[in-house]
Amino acid sequence: MQLDHYGEECWSARDLQQLMGYERWERFDDVANRAKETISASGLDPLDHFRGAAKSMPGGRWGKQTVTDYRLTRFGAYHVALAGDGRKPEVAAAKTYFAVKTREAELAQPPAPDVTSPEGVLALAQRYVVAAQELVTTKKELAIAAPKAGKWDAFCDSDGLIDMGTAAKALTDVTGGLGRTKFMNRLRESDLRFLQVQNPRIPYEVHIQAGRAQVKMVQAGYQWVEQTFLTPKGLDWLVDRLGGTALPAA
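Structure report, in brief.

### Observations concerning helix α2 (residues 25-41)
Okay, step 1: Across its 17 residues, α2 extends 24 Å between first and last C-alpha, which sits within 8% of the 24 Å expected from 1.5 Å per residue.
Okay, step 2: The complete set of buried residues in α2 reads W25, F28, D29, V31, A32, A35 and I39. The buried residues of α2 occupy one face: seen down the axis, they fall within an arc of 155°. Opposite the packed face of α2, turned more than 90 degrees from it, sit the exposed residues E37 and A41.
Okay, step 3: Positive phi appears at G43, one or two residues downstream of α2, with a value of about 90°.

### Re the environment of A210
Okay, step 1: With respect to the element layout, A210 can be found in the loop between α9 (205-209) and β5 (213-220).
Okay, step 2: Put simply, A210 and K233 are 23 residues apart on the chain and 8.8 Å apart in space, counted from C-alpha to C-alpha.

### Description of the packing of aromatic side chains
Okay, step 1: Applying the stated criterion across every chain yields a total of 9 aromatic pairs.
Okay, step 2: Look at F50 and Y70: their rings are 5.9 Å apart centre to centre, the planes differ by 80°, and that puts the pair in the edge-to-face class. Of the two residues, F50 is situated in strand β3 (residues 50-58) and Y70 in strand β4 (residues 64-72); the sequence distance between them amounts to 20 residues.
Okay, step 3: Residue class for F50 comes out buried when judged on its relative accessible area of 3%.
Okay, step 4: Put simply, the rings of Y22, W25, F28, F50 and Y70 touch in pairs and so form one group of aromatic residues.

### Observations regarding the pairing of strand β6 (residues 223-230)
Okay, step 1: When you tally the buried positions in β6, you get 6 out of 8 residues, the bulk of the element.
Okay, step 2: With 8 bridges joining them, β5 and β6 adopt antiparallel strand pairing. Looking at the pairing, Q219 lines up with W224 of β6.
Okay, step 3: Hairpin remark: β5 followed by β6, antiparallel, with 2 residues in the connecting loop; positive phi at G221, about 70°.

Rules and cut-offs
Residues numbered from 1 in each chain as written. Predicted model: local features only at pLDDT ≥ 70, side-chain atom pairs only at ≥ 80, totals over all residues. Heavy atoms only, no water. Helix = DSSP H or I, 4+ residues; strand = E, 2+ residues; numbered from the N terminus. Expected span 1.5 Å × (residues − 1). Buried < 20%, exposed > 50% of the residue type's maximum accessible area, 1.4 Å probe, protein only. Arc of directions from axis to C-beta. Phe/Tyr/Trp six-rings, centres within 6.5 Å; stacked < 30°, edge-to-face > 60°. Pairing = 2+ DSSP bridges.

Structure follows, in structure tokens:
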């Protein structure tokens, strides 16, 4: 299990392929497709639980290659485990894992009050009050966050990241329309100190640790090079530092 840029748990299908004992991606992709069909048959949208992604892995001519992947929710990963070959001990282990975790979540809930007594009725009423208060609070928080939620999605790639050229376009309103090169130069200036001066393609470690950027190996011609990608959190940070509004460019 991993956490994405929004702090939500997710699984890589490529990681599950290895853990579930499938040597070939093609065979495991069939398992994923069966899982998607099951989810669709239940009236849900598989795209809510299987998001297309790319993953950098060892191999290929230059030692690294980018391959197709899925970013799965817990629900999607569970259905992938259920759709796997039950004769494989690794698949059985995966099914057991998700079943146990689901049961643990159920047991974590407190037992229902005994409503045959006045004390039980009072306890149940108090639970309803707490749940209602939490719902009201959540709705207020969502209302506040609504203008911000997903505002950078149009600029993100399948991994939820934004390359420098796209980031420059996204921040046109606050930079005055800098191109990729000038935008990256701006990120090295002393008031921002986002990209390193000594290694101009790479951000300072503090930004990676804070979840504002990621560094990936990408192919450039006949070689692989390090390239910095901004996260939505990183764009929010830049907008704030540049003195702009919280909205992306139209």
